[in-house]
Amino acid sequence: MAQQQEREHWLALIKKGNKSSAIAMLGNAVIAAAKGVGAALSGSGAMFASAMHSLADCVNQGFVFAGSVLAERKPNRKFPTGFGRVINIFCMVAVIVVTIMAYETIREGWHLIHHPAKAGGAFWINVGALILNLVIDGAILFKVMKEIAREARIEASGISLIPMSFKHVSRSAPPTRLVFYEDLVAVTGAFLALVAVVVTTFTAFKALDGIVTVIIGVLMVAVAFRVGYDNMVGLIGVAAPRDVTEKVSSIILSDQDVTDINGLRIIQEGRYYHVDTMIELRSGLSLADADDIKFRVQDQLSSDPDISDVVLGIIEENGVKNWTPEHLNEFS
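Structure report, in brief. What you see is a predicted model, and the numbers here were worked out from it, not measured in a lab.

**A look at the overall build of the protein chain**
A count of helical and extended segments in the protein chain gives 10 helices and four strands. Moving toward the C terminus, one meets the helices and strands of the protein chain in the order α-α-α-α-α-α-α-α-β-α-β-β-α-β. Along the first, second and third principal axes, the C-alpha set of the protein chain runs to 85 × 55 × 35 Å. Scored against the burial criterion, the 332 residues of the protein chain give a buried share of 45%. Long-range pairs, those at least 24 residues apart, make up 73% of the contacts in the protein chain between residues at least 6 apart in sequence.

**Considerations on a nonpolar patch on the surface**
Taken together, the side chains of L55, V59, F63, I89, V93 and L235 make up a nonpolar region of the molecular surface, amounting to roughly 430 Å² of accessible area. Secondary-structure elements contributing two or more residues to the nonpolar patch are α3 (45-71) and α4 (86-114). For the nonpolar patch, the element with the most residues is α3, which contributes three residues. Take L235: it is sitting in helix α8 (residues 207-236).

**Brief notes about the pairing of strand β4 (residues 307-316)**
Note that strand β3 (residues 272-281) and β4 share nine bridges and pair parallel. The residue bridging V275 from the neighbouring strand is V310, located in β4. With helix α10 (residues 287-302) bridging β3 and the parallel β4, this β-α-β connection has right-handed handedness.

**Concerning the pattern of salt bridges**
Under the defined criterion, the tally for this structure stands at nine salt bridges. A salt bridge links R107 to E104; the shortest N-O distance between them is 3.1 Å. A residue pair is termed a helical-turn pair when its members lie 3 or 4 positions apart in one helix, as R107 and E104 do in helix α4 at three residues. In this structure R107 comes out as partly exposed when scored by relative accessible area, which is 49%. Given the relative accessible area of 27%, E104 is considered partly exposed. The residue D255 makes a salt bridge to R296 at a minimum N-O spacing of 2.8 Å.

**Concerning the packing of aromatic side chains**
Aromatic rings in a pair are described by how distant their centres are and how their planes are angled relative to each other. For the structure shown, the criterion picks out two aromatic pairs. Here F166 and F180 contribute two aromatic rings whose centre-to-centre distance is 5.4 Å and whose plane-to-plane angle is 75 degrees, an arrangement assigned as edge-to-face. With a gap of 14 residues between them, F166 in helix α6 (residues 161-168) and F180 in helix α7 (residues 174-202) connect regions that are remote in the sequence. For F180, a relative accessible area of 0% puts it in the buried group. Connected via pairs of aromatic rings, a cluster forms that spans F166, F180 and Y181.

**Digging into the sheet that holds β3**
Sheet architecture is open: four strands sit in the order β1-β2-β3-β4, paired in mixed fashion. At either end of the open sheet lies a strand with only one pairing partner, and these are β1 (238-239) and β4. Across two bridges, β1 lies against strand β2 (residues 258-269) in antiparallel orientation. Residue pairing for β2: V238 is matched across the bridge by Q268.

Cut-offs and rules
Residues numbered from 1 in each chain as written. Predicted model: local features only at pLDDT ≥ 70, side-chain atom pairs only at ≥ 80, totals over all residues. Heavy atoms only, no water. Helix = DSSP H or I, 4+ residues; strand = E, 2+ residues; numbered from the N terminus. Buried < 20%, exposed > 50% of the residue type's maximum accessible area, 1.4 Å probe, protein only. Contact = heavy atoms within 4.5 Å. Patch = residues over 30% accessible without salt bridge, like charges linked within 9 Å, V, L, I, M, F, W, Y side chains within 5 Å. Areas by Shrake-Rupley, 256 points an atom, 1.4 Å probe, with all protein chains shown as cover. Salt bridge = Lys/Arg side-chain N within 4 Å of Asp/Glu carboxyl O. Pairing = 2+ DSSP bridges. Right-handed = clockwise from strand over helix to strand, strands pointing away. Phe/Tyr/Trp six-rings, centres within 6.5 Å; stacked < 30°, edge-to-face > 60°.

Here it is as structure tokens:
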């Protein structure tokens, strides 16, 4: 019975894992295999770089999916704030993988610039693999954009998803951000590799193969830096965005018995928020009434699916206005 419950527990966690990273992992496994065959048959450096990038994406997104599953575990006595930051650790591992792959890619590109590879066969295999790459990664990127809209609570569809994704990507979960950045590079890299394969096959400009390989490697470094910075901040503990703070403060102040917010701190961990606040209640309340108000406000905040826990203290109003619209500027 205990083993069955444990299996059901893990199955429930897996279902809550980041779906974008799971789909991207499977898609990039297919793409990496196809590109690897093309690179081996043709000797194309751009195809090699693109295959390395797809392989790195596949490994990374596997790590990230595992981390997103573990991050969904509920808080317990030993870990009272939960496991939200576990995903940041897994994303940092992914950053190391990307960095190593980027180094190998840049080194190969530099070699090909000075010693261009002879034109090989498998032209149509390379073209087919790269078109497959563009289709699969393009579809994954579109799905990730929809995931960003869902996690950021933004209504967007069609072409409006593109500017929305860039604007609100910081509000999405760490694994969603990683897949977004990696797929941007994947689509760009596949397009550049396709150009390089065509040009080097039909012209004498063989150095373009190495140049594109280096460019793809540099883009991978940019992704590693961006994702590494985001997750380093997440491991330290980062304050919630201004709009989240505004929403939380509005919920608190909407209660008729709350007169002010004496202090408010909201920490983002993974895709969830921890709220720690001290609120002021109107004068003349009994202890029992004050407790009822406290639990009422606490329940309202806890009902938000993005808030994992709430620590709320109460004091009697002190006659000084602490929370003003200008106060929110500190969270800009």
